[in-house]
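Spelled out from the first residue to the last, the chains are:
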Amino acid sequence: MNAQPEPADIAAMREDGDLEAYLRALTGRVPKQPKPAAAEPNDPGYHIARPGAWPCGTAATGPTPPPCTHPTA
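Residues numbered from 1 in each chain as written. Predicted model: local features only at pLDDT ≥ 70, side-chain atom pairs only at ≥ 80, totals over all residues. Heavy atoms only, no water.

Brief notes about the overall build of the protein
- Along the backbone of the protein there are two helices and zero strands.
- Looking at the 73 residues of the protein, the share that counts as buried comes to 3%.
- When the accessible surface of the protein is summed, it comes to about 7400 Å², and 59% of that surface belongs to carbon and sulfur atoms. (Helix = DSSP H or I, 4+ residues; strand = E, 2+ residues; numbered from the N terminus. Buried < 20%, exposed > 50% of the residue type's maximum accessible area, 1.4 Å probe, protein only. Areas by Shrake-Rupley, 256 points an atom, 1.4 Å probe, with all protein chains shown as cover.)

A closer look at helix α1 (residues 7-16)
- With one of 10 residues buried, α1 lies mostly on the surface of the structure.
- At the C-terminal side of α1, G17 shows a positive phi close to 85 degrees.

Next comes the structure, spelled out in structure tokens:
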């Protein structure tokens, strides 16, 4: 078994993203497993009433007012 990889092999591992795992394996260290992506928040299954507010998923009709340009203080 050839312990010295060829430059073409190193270039191929670098392109595939396997070079770091290969180098860690040479030192006897186990590559870190990627952390799973955070799951989307689940629908809680209940609704909190907000008296006087627009219903959830709706908005006021009409044009949006322009942003305030004068200082407030």
